Each structure stands twice: as C-alpha cells, then as structure tokens.
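# Notes for the structure review
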Amino acid sequence: MKTEAVKESIINNYKILSAKSKVKSDQNVITTWGLNYKKNDKQIGFVSELGFVQRKKAKIEIKNDEISMLKKPFFSTWNRTLKNINKMLEDIIANVNNRDVVSKKYVKILCFPKDFWDKLSKR
C-alpha cells in the first residue's frame, strides 16, 4: 500500500472510531473520549478525540483530515509505522466493545456561560 493510501485509511478509521466513541454532551458539560488499546495485558496504543494517536513509540496527530507525523521508532520507516497504526485502528474498531482489548476513558469538562463567568470574576 502506498503511503497516501495508508494515510487516507487512517483518517477513515479515525472517523469511524469518532462516531462509535462519541458521547452526547450536556449544555454546560463537554465530554471528550480516549481509547486505550491493550494486547497481552499490556497497553500498546492510545487514541483520543483531540486527534492524538499513539502506538508504542510512534505518534501522529490528526487535524482537519491531515496527518502530522510526530515520532516514529528509530529503526522503522514512516510507511511501516503508518501501516502499523492503521492495523491498530482496524483492530480497535473490531474490538471496540471488548474490554480486554479496548478500554474507554471519558473526561467531562465543565463550561460556564459568559454571564455566569462575569458574575464569578466580580467577586
């Protein structure tokens, strides 16, 4: 597979994970998600709603359907690294409801309306 095709596959798989992991947020509470990927009881990968994807020592960031390649293992090529990340994402999609392979983490962020924040800051 060519590098550009692998990148497109990673973006598509990330969109599928986003759709499966999305949680409805309340008006003042925003919920973000993160997925830990485990194999043989060891965590080897992480995917977050903010666009960070990590597999062992490899890290990429996805923003606006663009992949920023941040870090790769020293003795590996970017093409092989991207293929491994794509394979991990496919495995997460296949096992998204299996707690032995994928553990879901949610963080809730409380947001204040502007008028309430103004009242708090005046005190």
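One structure accompanies this document, and this report is about it. (Residues numbered from 1 in each chain as written. Predicted model: local features only at pLDDT ≥ 70, side-chain atom pairs only at ≥ 80, totals over all residues. Heavy atoms only, no water.)

### Some remarks on the packing of aromatic side chains
- In the structure shown here, the tally under the stated rule is 2 aromatic pairs.
- Ring geometry for Y14 against W33: centres 6.3 Å apart, planes inclined by 35°, an arrangement best described as tilted. Of the two residues, Y14 is situated in helix α1 (residues 3-21) and W33 in strand β1 (residues 29-39); the sequence distance between them amounts to 19 residues. Here Y14 and W33 have matching classes, each one buried. (Phe/Tyr/Trp six-rings, centres within 6.5 Å; stacked < 30°, edge-to-face > 60°. Helix = DSSP H or I, 4+ residues; strand = E, 2+ residues; numbered from the N terminus. Buried < 20%, exposed > 50% of the residue type's maximum accessible area, 1.4 Å probe, protein only.)

### Remarks on the pairing of strand β2 (residues 42-48)
- Pairing of β1 with β2 involves 6 bridges; the strand directions are antiparallel. Its bridge partner being in β2, G34 is matched across the sheet by S48.
- Note that β2 and strand β3 (residues 52-55) share 3 bridges and pair antiparallel. Looking at β3, one finds that G45 is bridged to R55. (Pairing = 2+ DSSP bridges.)

### What about the nonpolar core?
- One finds I10, V47, V53, L89 and I92 to be the most contacted residues of the largest nonpolar core, which totals 23 residues.
- Breaking this core down by element, the ones donating at least two residues are α1, β1, β2, β4 (58-63) and α2 (78-94).
- Broken down by element, the residue count for this core peaks at 6 residues, all from α2. (Core = buried A, V, L, I, M, F, W, Y, C linked by side-chain atoms within 4.5 Å.)

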